[in-house]
Amino acid sequence: MKITDLLGKRIVFFDGAMGSMLQKNGLKAGELPEIMNITQGDVIKNIHLNYLDAGCDLITTNTLGANRIKLCQSGYCVEEIINAAIKNAKKAISLCGGKERFIAFDIGPTGKLLEPLGDLSFDDAYSSFSQAAVIAEKSGADLAIIETMTDTYEMKAAVLAVKENTSLPVFATFSFDINGRLLTGGDIECAVALLEGLGVDALGINCGNGLDKMIEFLEKLSKLCSLPIIVQPNAGIPKVECGNTVFDVDAEEFADDMLIMAQKGAHILGGCCGTTPEHIKRMIELCSDIEPAQIIEKDITKESSYANACKIGPSPVIIGERINPTGKKLFKEALRKNNFEYILDQGLAQADDGAHILDVNVGLPDIDENVAMQNAITSLQSLVKLPLQIDTSDTAVMEAALRVYNGKALINSVNGKICEMKKIFPLVKKYGGVVVGLTLDENGIPETPEGRLEIARKIINTAEEYGINKKNIIIDALTLAVSSSPDAAKVTLQSLALIKKTLGVKTVLGVSNVSFGLPSREVLNSTFFSQALHSGLDACIINPGSSMMMNVYYAFKALLGLDEQCGEYIRKLSAQGSPYTETKRRQTLFDSILGGMAESACELTIKELQRRPHQDIVVSILVTALDEVGKGFDNKTLFLPQLMKCAQAAQSAFAVINENLAKNGCKQKNKGRIVIATVKGDIHDIGKNIVKVMLENYGYEVIDLGRDTDSELIAKTVENEGIRLLGLSALMTTTVPSMEQTIKLIRDRGLDCKIMVGGAVMTPEYAKKIKADFYAKDAMAGVSIAKKVFD
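All figures in this text were calculated on a predicted structure; none of them were measured in a lab. (Residues numbered from 1 in each chain as written. Predicted model: local features only at pLDDT ≥ 70, side-chain atom pairs only at ≥ 80, totals over all residues. Heavy atoms only, no water.)

**Comments concerning the nonpolar core**
Then, in step 1: With 170 residues, the main nonpolar core has Met 261, Leu 269 and Phe 529 as its most contacted residues.
Then, in step 2: Those residues in contact with Phe 529 that lie beyond four places of it in its chain are Ile 318, Val 511, Leu 537, Cys 540, Ile 542, Met 549, Val 552 and Tyr 553.
Then, in step 3: Counting residues in each nonpolar core, the second largest holds 48 residues, with Ile 593, Ile 621, Ala 649 and Ala 781 among its members. (Core = buried A, V, L, I, M, F, W, Y, C linked by side-chain atoms within 4.5 Å. Buried < 20%, exposed > 50% of the residue type's maximum accessible area, 1.4 Å probe, protein only. Contact = heavy atoms within 4.5 Å.)

**Description of helix H22 (residues 598–609)**
Then, in step 1: Over its twelve residues, H22 runs 16 Å from end to end, which matches the ideal 16 Å to within 8%, given 1.5 Å per residue.
Then, in step 2: For H22, the set of buried residues is Ser 600, Ala 601, Leu 604, Thr 605 and Glu 608. End-on, the buried residues of H22 take up no more than an arc of 130°, which puts them together on one face. Set apart from the buried face of H22 by more than 90 degrees, the exposed residues are Glu 603 and Lys 607.
Then, in step 3: Each element contacted by the buried residues of H22 is listed here: helix H12 (340–352), helix H21 (589–594), helix H23 (614–634) and helix H24 (640–663). (Helix = DSSP H or I, 4+ residues; strand = E, 2+ residues; numbered from the N terminus. Expected span 1.5 Å × (residues − 1). Arc of directions from axis to C-beta.)

**Some points on the sheet that holds strand S4 (residues 143–149)**
Then, in step 1: One open sheet holds the eight strands; their spatial order is S1-S10-S7-S6-S5-S4-S3-S2, and the pairing between them is parallel. Among the strands making up the open sheet, the edge pair consists of strand S1 (12–13) and strand S2 (58–60).
Then, in step 2: Relative to strand S5 (residues 170–174), S4 runs parallel, the two sharing four bridges. By the bridge assignment, Ala 144 is partnered in S5 with Val 170.
Then, in step 3: Strands in contact with helix H7 (residues 188–198) are S5 and strand S6 (202–206); relative to S5, the strand with the most contacts, it is inclined by about 165°.
Then, in step 4: Each of S6 and strand S7 (229–232) is contacted by helix H8 (residues 211–224), which is oriented at about 160° to S6, the strand it contacts most. (Pairing = 2+ DSSP bridges. Axes fitted to C-alpha atoms, helices over the stretch in contact; angles between N-to-C directions.)

**Here we look at the pairing of strand S13 (residues 317–323)**
On any regular strand, side chains alternate: one points to one face of the sheet, the next to the other face.
Then, in step 1: Where burial is concerned, most of S13 is hidden: five out of the seven residues are buried.
Then, in step 2: Relative to strand S20 (residues 539–542), S13 runs parallel, the two sharing four bridges. Looking at the pairing, Val 317 lines up with Ala 539 of S20.
Then, in step 3: Relative to strand S14 (residues 357–360), S13 runs parallel, the two being bridged by three bridges. Across the sheet, residue Ile 323 finds its bridge partner in S14, namely Val 360.

**Notes on the sheet that holds strand S23 (residues 725–729)**
Then, in step 1: If you walk across this open sheet you meet the five strands as S22-S21-S23-S24-S25, and the pairing is parallel. The two strands at the open ends of the sheet, each matched to only one other strand, are strand S22 (701–704) and strand S25 (774–775).
Then, in step 2: With two bridges connecting them, strand S24 (residues 754–758) and S25 associate as parallel partners. Within S25, the position partnered with Met 756 by the bridge is Phe 774.
Then, in step 3: Against the sheet, helix H27 (residues 736–748) engages S23 and S24, with an angle of about 175° to S24.

**Describing helix H3 (residues 41–54)**
Then, in step 1: Its 14 residues give H3 an end-to-end C-alpha distance of 20 Å, which sits within 8% of 20 Å, the value for a rise of 1.5 Å per residue.
Then, in step 2: Among the 14 residues that make up H3, ten are buried, leaving the element largely enclosed by the rest of the structure.
Then, in step 3: Looking at the buried positions of H3, the neighbouring elements they touch are helix H1 (19–24), helix H2 (36–39), S2, helix H4 (78–94) and helix H10 (277–287).
Then, in step 4: A positive phi of about 110° marks Gly 55, the residue just after H3.

**A few points about unusual backbone geometry**
Then, in step 1: Between Gly 313 and the following residue, Pro 314, the backbone shows a cis peptide bond with an omega angle of -5°.
Then, in step 2: Backbone torsion omega between Asn 412 and Ser 413 reads 20°, so that peptide bond is classified as cis.
Then, in step 3: By secondary structure assignment, the location of Ser 413 is in strand S16 (residues 410–415).
Then, in step 4: Of note in the backbone geometry, Lys 636 takes a positive phi value of approximately 65° without being a glycine.
Then, in step 5: Residue position: Lys 636 is located in the loop between H23 and H24.
Then, in step 6: The exposure class of Lys 636 is partly exposed, given its relative accessible area of 31%.

**Things to note about the layout of surface pockets**
Then, in step 1: Roughly 910 Å³ of volume is contained in the second largest pocket.
Then, in step 2: If you go around the second largest pocket, you meet 31 residues; those closest to its centre are Glu 321, Lys 328, Ser 512, Asn 513 and Arg 521.
Then, in step 3: Among the secondary structure elements, those contributing two or more residues to the lining of the second largest pocket are S13, strand S15 (388–391), strand S17 (434–438), strand S19 (506–510), helix H18 (521–534) and S20.
Then, in step 4: The element contributing the most residues to the lining of the second largest pocket is H18, with three residues.
Then, in step 5: Classifying every residue of the lining of the second largest pocket gives nine nonpolar, 13 polar and nine charged. (1 Å grid on protein atoms, 1.4 Å probe; cavity = no way out; pocket = protein on both sides within 12 Å on 5 of 7 lines; lining within 4 Å. Points joined across faces, edges and corners; volume = space filled by probe spheres on them. Nonpolar A, V, L, I, M, F, W, Y, C, P; charged D, E, K, R; others polar.)

**Topic: the environment of Ser 546**
Then, in step 1: Tracing the backbone shows Ser 546 in the loop between S20 and helix H19 (547–559).
Then, in step 2: Remark: the alpha-carbon pair of Ser 546 and Gln 350, spanning 196 residues in sequence, is separated by 10.0 Å.

**Concerning the environment of Ala 255**
Then, in step 1: As for its placement among the helices and strands, Ala 255 is situated in helix H9 (residues 251–263).
Then, in step 2: For Ala 255, a relative accessible area of 0% puts it in the buried group.
Then, in step 3: C-alpha of Ala 255 to C-alpha of Cys 287: the two residues are 32 residues apart in sequence and 8.1 Å apart in space.
Then, in step 4: Excluding anything up to four places from it in sequence, Ala 255 contacts Arg 282, Met 283 and Leu 286.

**Side note on empty space enclosed by the protein**
Then, in step 1: Counting across every chain of the model gives five cavities of 30 Å³ or more.
Then, in step 2: Empty space within the largest cavity amounts to approximately 110 Å³.
Then, in step 3: Around the largest cavity sit Glu 189, Val 192, Ala 193, Glu 196, Leu 224, Lys 298, Ile 300, Lys 302, Lys 408, Lys 471 and Asn 472, which together line it.
Then, in step 4: When the residues that make up the lining of the largest cavity are grouped by side-chain class, the tally is four nonpolar, one polar and six charged.
Then, in step 5: Each pocket or cavity is described by its volume, and for the second largest cavity that value is around 60 Å³.
Then, in step 6: Tallied by class, the residues present in the lining of the second largest cavity amount to five nonpolar, three polar and two charged.

**Regarding the state of the cysteines**
Then, in step 1: Using the criterion set out here, one finds zero disulfides in the structure.
Then, in step 2: No disulfide involves Cys 646; its sulfur sits 15 Å from that of Cys 602, the nearest cysteine. (Disulfide = S-S within 2.5 Å.)

**Some points on the pairing of S5**
Then, in step 1: With five of its five residues buried, S5 lies for the most part within the structure.
Then, in step 2: Burial of S5 is two-sided: the residues Val 170, Ala 172 and Phe 174 facing one way and the residues Phe 171 and Thr 173 facing the other way are all buried.
Then, in step 3: Remark: the S4/helix H6 (residues 152–165)/S5 crossover connection has right-handed handedness.
Then, in step 4: Of the strand pairs in this sheet, S5 and S6 are connected by four bridges, and their pairing is parallel. Note that in S6 the partner of Phe 171 across the bridge is Ala 202.
Then, in step 5: Note that the unit made of S5, H7 and S6 has a crossover that is right-handed. (Right-handed = clockwise from strand over helix to strand, strands pointing away.)

Structural data, given as structure tokens:
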């Protein structure tokens with residue numbers, strides 16, 4: 001029997017926390033838990049056995065950090081640790097009778113940010129995960145559980161690594177913050193769209209917040225998800241007692257909440273930090289007789305980026321058409337010169353003008369389209385939150401783009417030709433996506449609505465053979481120019497309505513094609529656009545910078561009851577000037593920082609230095625812009641990718657200023673010196689690195705001691721350098737004691753230094769308990785603390 005055979009038939013039960021149990025069994029602060037698979041195998045076996053005795057179906061191997069990125073300085077190789085971990089699990093199962101049990105190979109985050117935010121490439125992350133997964137399958141794992149991920153891009157690397165290199169079923173869980181957001185900005189909708197697209201076997205949530213928040217998140221998941229849902233909460237909120245990390249929810253309360261989870265649609269239940277065999281035993285006693293919710297295919301057509309998900313229908317959406325070289329001299333020049341800031345500016349402009357999705361086409365005969373497409377996607381996703389439509393006729397370019405894309409893309413396109421469907425549908429199935437189906441085939445474009453309907457039907461039926469649901473197809477009835485065919489628009493509109501009514505599929509059109517070769521194109525475009533919307537158009541490829549076209553869109557939504565109290569119509573049209581104008585963007589240094597435009601920031605800083613002193617630029621422009629970015633980050637209108645990109649633009653401006661000062665024999669004074677470090681035993685440095693970037697942008701000198709840092713080194717550095725502010729980071733509950741030890745060492749030596757702490761397991765109460773002076777919930781909070789200490 002496979003674990004997937006049980007899903008949906010009854011509630012399936014995972015075990016609880018491994019790290020918490022290891023701490024109870026002697027894991028010291030700073031020690032790597034995975035090494036105990038070799039040095040204390042019997043301890044690991046007995047922990048597994050305790051969970052098996054509690055009644056769980058699945059035991060999770062002690063391999064959360066068993067990858068070469070995390071183990072590179074451990075003195076052990078990945079293979080011996082994974083083999084030992086699975087051997088320990090097998091021993092425990094052999095000692096436990098009764099029902100069939102399964103071994104879940106545990107895969108956790110690398111602890112690094114992937115490029116372009118960090119220094120770990122997607123390929124290196126993929127390679128690390130695939131190496132571990134291959135070893136695990138050979139050693140006898142029954143499935144892989146990819147857990148506690150906070151970045152959709154790293155999750156994608158892990159899922160592809162397992163699916164492409166093994167036959168293991170894949171379960172995947174994200175850890176969300178209290179607002180239901182990931183570290184890199186994604187929400188639950190983004191997570192579901194990505195994981196369903198990639199074809200995991202079950203998905204869900206783990207770790208993170210209190211049980212009340214997990215119930216709230218589960219309710220959202222249940223409305224969106226077409227797969228079995230996993231819920232693995234912590235046993236409440238962590239706190240420190242007698243130097244140990246403990247949790248505030250006992251087994252009875254935990255079981256009561258897990259019963260609610262089962263009743264609200266969870267199919268797979270387990271525990272994360274702080275849960276013990278007693279928690280799991282009581283949960284199984286309460287929930288084992290609950291009939292699981294029916295797993296229903298949700299008819300939702302949705303694309304996603306790392307931060308936004310876009311649902312197509314019932315309200316139509318706008319696909320911005322401007323990232324395309326056709327007929328655009330400046331765009332072609334930018335592509336040839338690798339000027340991706342120009343392309344990024346086009347994307348930001350369309351986002352400001354109301355686009356929901358951006359079409360990306362970089363096809364020019366005299367450039368490498370593959371490289372250009374990947375660069376364009378990476379640049380756009382560093383700042384623009386909108387999902388992208390990958391627009392290319394080259395299958396190799398399409399696959400490369402789908403691989404680097406962070407989210408579930410819109411794919412443009414496939415058609416009714418057998419050879420094209422054979423090339424495109426395997427990519428759609430492998431990477432996930434919503435694909436545009438063009439109503440043409442080996443015989444060309446049919447002249448009748450009935451002919452286009454039959455091609456649409458063929459595309460949908462063939463896609464189903466590849467396991468692609470109709471909800472992931474949008475049909476293009478094809479807009480042809482009325483200048484060459486008088487009936488072209490009429491046939492397109494009739495085809496659109498017929499396809500929509502007969503097949504119940506979502507639809508898309510490139511609207512502006514209708515006016516090709518004619519004067520005053522917007523008059524024709526806007527009239528045709530209105531008729532297409534009333535004929536059932538769901539996705540509209542237009543120029544969102546055209547007020548005339550967007551006014552048609554806002555008016556249609558208001559008239560069809562798709563705009564509550566006509567709010568969007570009133571807001572948008574009240575702010576407009578002439579209905580015939582396109583939006584123009586004026587770039588200032590302030591705008592360049594907010595837009596994350598590093599090259600523009602350099603050029604504009606040089607110009608500003610010619611007209612005002614550097615102190616004025618720093619105070620009135622750079623710091624003001626960074627404060628604005630910080631407000632957006634705090635308000636969740638900007639996310640980590642934008643924060644980092646804006647910080648990089650500010651760094652570029654500061655570099656120009658410092659270079660100018662150096663030429664004149666001067667140096668900009670720093671506001672204060674700060675030491676930061678990730679504590680002993682913890683090799684996660686994502687949060688620390690983000691804090692460093694933001695502090696440096698605000699003029700502080702940062703001494704970064706790195707990750708897995710010994711308490712003595714931290715204390716000596718603080719003492720020898722006369723440091724007034726220390727920042728400590730810890731992601732794992734097993735390394736919080738190291739943080740507490742470090743703080744105690746600083747206090748015992750009487751060092752006059754304020755201490756701020758942060759990390760995924762930290763709370764204000766926790767920080768106070770371990771005698772830190774400040775709790776920093778994120779990088780901008782760290783900046784605010786530095787201002788308090790030094791200003």
